[in-house]
Structure formats: structure tokens, C-alpha cells
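Descriptive structure summary
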Amino acid sequence: MARDMIQMTGVDKNYFVGTPNELHILKKISLTIQEGEFVSIVGVSGSGKSTLMNLIGVLDRPSAGTYLLDGMPVNRMTDNQMSDIRCEKIGFVFQTFNLIPRNDALKNVELPMLYAGVDAKTRTRRSRELLELVGMEERMHHQPNELSGGQKQRVAIARALANDPPILLADEPTGSLDSATGRMVMDLFHRVHEESHKTVILVTHNPALAEETERIVTIRDGEIIDDRAGGGKAVSR
Ligand SMILES: Nc1ncnc2c1ncn2[C@@H]1O[C@H](COP(=O)(O)OP(=O)(O)OP(=O)(O)O)[C@@H](O)[C@H]1O
Ligand SMILES: [Mg+2]
């Protein structure tokens, strides 16, 4: 039986807590995602998608409720435990790539492995393998400003996979790309999902891309208002 990778129960996220300006951004979110699922999160701008992704990715703590990540209670973790678990369990991909400017592609992909204490030789070998996986081996000595948007995102995906995390989180990964390049990046997510059985969670404004995933969770005003099956999609090769 598949195990629960993400289990949120009654999760709230509030800002400016205890002030007259207190904001209730996420309200009573209960969401369970099983190992190996490919889920998209949709909703209008400001509905709380990135806030939810930051909680799922252990960048932030819930204000109330419980969050078990692979069975571990995030609420009770120290900041150090949170960064350790992030390093081990989560790969992040962002709309704006967030690559380190003066590091080439190879070094960018190596960085999470450096944090994880992997030795230099293994880092370089694995970084090359990952850049090959995303079709970027010929550009491995290029810096981000020498790469196109789609190429940067492929490097960012390789980086997200560096420590072989069970969970891949992508917040609008195709949002800055033209549709053909977005298609290529989306195909890469399908491939990673199918070949490595990772749990993939994708925020997107593109309904067609959301339909390709196995499950579509819709957020409005910080609440889950719909949670239904998507069509899924075979990998195009
Ligand atoms: N650090 C913060 N402090 C206060 N309010 C915040 C903070 N971060 C986000 N918010 C507020 O939370 C709400 C949800 O923001 P969030 O970034 O999660 O939306 P989103 O669904 O990702 O939107 P978009 O599609 O535009 O990226 C917004 O009203 C935003 O202003
Ligand atoms: Mg957002």
C-alpha cells in the first residue's frame, strides 16, 4: 500500500499574529498526498498556493494544525531539523529558476550535494549525470546568464534532483517560459515522475498542464475548494 508522504490536518497559516493586522492566509487545510502521486495545485493569484508550497517544503511552519512529512511532525522541529529534512526530502523548482549567478551549471547542480556533505568527486560525477538527464551536458560550463530560460529551468530541475529527494515541488515552473519550452519542461516532470516514482507537486496557472497530472487541488481564499482526479499523461519520448 502506498504510504502518506504529505499529511496536513487543519493547517492554518497566519501572518502578523497577535496584531490588529493579523492575516489568515491558509484556513484549515487538510491534505494528504501519497508517495508517488503527481498533484497540481491551482487557484487565482493570492489564493495561497505558494504559501502552501512553502509549508509543504518545510520552508515555514504552520500557525496551527499538524503536518507530518513522511510520518515526521514538522510542527515540533527546530530550524536545524527543518533544514536537514528539506535537504534530504525536498527538491524545489521555482518560476524564476533561482540559480546562483556566478556558478556554472555544473556547480549549481552540485550545491545541494555540498550542503548534504557529499564528497567533491561524487558531486561532480552526479552533477554531470543529472545534466545529461535533462539534456544540458553540453552547457555544463555555462553560467546562468549564458543560458536561455528553458535551459536555466532544466539546470534548476537537475539541481532539485541532486540529493535524490522523494518529493519534487515546483511553483509555476513554466510561468516564465514560452509554450513550447514550457511543454519541454513539463515533459521532464512527467519523465522524472514516471521513472523515479517521486511525489511531484506542481503549482500552475495553466489548466491544460494541470489536467495532465493525476490529481488537481484547487485553492480559493486559503481553502481547498476542490480536489479531483486529473487525466494524467503518458510520457512523450
Ligand atoms: N510573508 C508574508 N507576510 C504577509 N502576507 C503574506 C506573506 N506571504 C504571502 N502573503 C499573503 O498571502 C496571500 C497568499 O499569497 P501566495 O503567495 O501564497 O499566493 P499565490 O496563490 O501563490 O499567488 P500567485 O499565483 O500570485 O503566486 C497573499 O494575499 C499575500 O499577500
Ligand atoms: Mg505564488
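One can find the structure itself at the top, above this paragraph.
Residues numbered from 1 in each chain as written. Chains lettered and ligands numbered in written order. Predicted model: local features only at pLDDT ≥ 70, side-chain atom pairs only at ≥ 80, totals over all residues. Heavy atoms only, no water.

A separate point is the pattern of salt bridges. Going through the model one piece at a time under the given rule, you end up with 17 salt bridges. A salt bridge links R191 to E195; the nearest nitrogen and oxygen atoms lie 3.7 Å apart. Of the two residues, R191 and E195 both sit in helix α6 (residues 179-196), 4 residues apart, roughly one turn of that helix. Using a relative accessible area of 25% as the deciding quantity, one classes R191 as partly exposed. Here R215 ties to D227 by a salt bridge, and the two come within 2.8 Å at their closest N and O atoms. Pair noted here: R215 is in strand β9 (residues 215-220) and D227 is in strand β10 (residues 223-229), with a separation of 12 residues, a long-range link. (Salt bridge = Lys/Arg side-chain N within 4 Å of Asp/Glu carboxyl O. Helix = DSSP H or I, 4+ residues; strand = E, 2+ residues; numbered from the N terminus. Buried < 20%, exposed > 50% of the residue type's maximum accessible area, 1.4 Å probe, protein only.)

With that out of the way, let us pick up the side chain of E212. In this structure, E212 sits in the loop between α7 (207-211) and β9. Using a relative accessible area of 11% as the deciding quantity, one classes E212 as buried. For E212, the side chain forms a polar contact with the side chain of H190, separated by 2.8 Å. (Polar contact = N/O pair within 3.5 Å; in protein donor to acceptor, adjacent residues only side chain to side chain.)

This brings us to the sheet that holds strand β8 (residues 199-203). As summarised here, the arrangement of the 6 strands in space is β6-β7-β8-β3-β9-β10, forming an open sheet in which the pairing is mixed. Bordering the open sheet on either side are β6 (90-94) and β10, each of which pairs with just one other strand. On average, each strand axis in the sheet is inclined to that of its neighbour by 15°, with strand direction left out of account. The sheet contact formed by strand β3 (residues 38-42) and β8 spans 4 bridges and is parallel. Of the residues in β8, the one forming a bridge with I41 is V203. Packing against the sheet, helix α2 (residues 79-89) makes contact with β6 and β7 (167-171), and its axis sits at approximately 80° to β6. Of the strands in this sheet, β6 and β7 touch helix α5 (residues 149-160), which is tilted by about 165° from β6. (Pairing = 2+ DSSP bridges. Axes fitted to C-alpha atoms, helices over the stretch in contact; angles between N-to-C directions. Contact = heavy atoms within 4.5 Å.)

Counted at 1.5 Å a residue, the expected span for α5 with its 12 residues is 16 Å, and the 16 Å between its end C-alpha atoms agrees. Where burial is concerned, most of α5 is hidden: 10 out of the 12 residues are buried. Among all positions of α5, only G150, Q151, Q153, R154, V155, A156, I157, A158, R159 and A160 are buried. Turning to α5, the residues buried within the fold contact β6, α3 (105-115), α4 (120-133), β7 and α6. (Expected span 1.5 Å × (residues − 1).)

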